[in-house]
Amino acid sequence: MSDLDHVMEMWAADRASAALGIELLDVGVSDDGLGRASTRMTIGPSQVNGHDIAHGGYLFTLADSTFALACNATGRTTVAAGASIDFVAAGRLGDTLTATATERASYGRSGITDVTVRRESDGALIAEFRGRSRALRS
């Protein structure tokens, strides 16, 4: 099985991301041997909070799903060890958001991946996410 077969099987089985309408745009391995991925999601009526803005949990889930794709792109079964997110601007009902993940470092069984979430219509920065990953022993 190639490296991308592993990540594509993982994505196909990801019912949580599918239920939220998260669309895979790209996944692969950069020339430096580190994973990368991009996804897209449109904010629907059930994804806004009481302030009528995108609920932070859904923004985190979009970023986390993209993080998972990037850190599994190299073929190692990898899970999150921790993550943080900074919300920069509000997403609104109907906004299409694009998340782009870049694995920054992979050392031993650990890694660091950054994800940027932007509004597709104007490129506005919505959130910055940093995930810490851990490859499972085979």
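Residues numbered from 1 in each chain as written. Predicted model: local features only at pLDDT ≥ 70, side-chain atom pairs only at ≥ 80, totals over all residues. Heavy atoms only, no water.

What follows concerns the overall build of the chain. Check the secondary structure of the chain and you find 3 helices and 6 strands. In the chain, the succession of α and β elements from N to C terminus is α-α-β-β-α-β-β-β-β. Here the chain has a C-alpha radius of gyration of 14 Å; the compact-globule value for 138 residues is 14 Å, and the two agree. In the chain, which comprises 138 residues, the share counted as buried stands at 38%. Summing over all exposed atoms, the chain offers an accessible surface of approximately 7,000 Å²; the carbon and sulfur share of this is 50%. One way to put it: in the chain the 13 positive side-chain charges average out to a point 7 Å from where the 17 negative ones average out. (Helix = DSSP H or I, 4+ residues; strand = E, 2+ residues; numbered from the N terminus. Rg over C-alpha atoms; globule rule 2.2 N^0.38 Å. Buried < 20%, exposed > 50% of the residue type's maximum accessible area, 1.4 Å probe, protein only. Areas by Shrake-Rupley, 256 points an atom, 1.4 Å probe, with all protein chains shown as cover. Lys, Arg positive; Asp, Glu negative; His and termini not counted. Charge placed at Lys NZ, Arg CZ, Asp CG, Glu CD.)

Of the residues making up helix H1 (residues 3–12), those classed as buried are His6, Val7 and Trp11. Taken down its axis, H1 places every buried residue within 130 degrees of arc, on the same side. The inward-facing, buried residues of H1 contact helix H2 (15–19), strand E1 (23–29) and helix H3 (56–72). (Arc of directions from axis to C-beta. Contact = heavy atoms within 4.5 Å.)

Orientation of H1 relative to H3, taken along the N-to-C sense of each, is 155 degrees, at an axis distance of 9 Å. Relative to H3, the element H1 lies roughly antiparallel. Like other packed secondary-structure pairs, H1 and H3 cross with a definite hand, here right-handed. Where H1 abuts H3, its residues Asp3, His6, Val7, Met10 and Trp11 lie against Ser65, Ala68, Leu69 and Asn72. Considering only residue class, the contact of H1 with H3 consists of 5 nonpolar, 3 polar and 1 charged. (Axes fitted to C-alpha atoms, helices over the stretch in contact; angles between N-to-C directions. Parallel < 35°, antiparallel > 145°, perpendicular 65-115°, else oblique. Left-handed = near helix turned anticlockwise from the far one by under 90°. Nonpolar A, V, L, I, M, F, W, Y, C, P; charged D, E, K, R; others polar.)

Following the criterion strictly, the structure yields 2 aromatic pairs and no others. An angle of 55 degrees between the planes, with centres 5.7 Å apart, marks the rings of phenylalanine 67 and phenylalanine 129 as tilted. Pair noted here: phenylalanine 67 is in helix H3 and phenylalanine 129 is in strand E6 (residues 125–135), with a separation of 62 residues, a long-range link. Among the residues examined, phenylalanine 129 registers a relative accessible area of 2% and is labelled buried. Members of the aromatic cluster, each reached through a chain of ring pairs, are Phe60, Phe67 and Phe129. (Phe/Tyr/Trp six-rings, centres within 6.5 Å; stacked < 30°, edge-to-face > 60°.)

The nonpolar side chains of soluble globular proteins are, as a tendency, buried together. Counting residues in hydrophobic clusters, the biggest one holds 26 residues, and the most contacted among them are Leu62, Leu97, Val115 and Val117. Secondary-structure elements contributing two or more residues to this core are H1, strand E2 (35–42), H3, strand E4 (96–107), strand E5 (110–119) and E6. Residue contributions to this core peak at 7 residues, all from H3. Not counting chain neighbours up to four residues away, the residues in contact with valine 117 comprise Leu62, Ala63, Leu97, Thr98, Ala99, Ala124, Leu125, Ile126 and Ala127. (Core = buried A, V, L, I, M, F, W, Y, C linked by side-chain atoms within 4.5 Å.)

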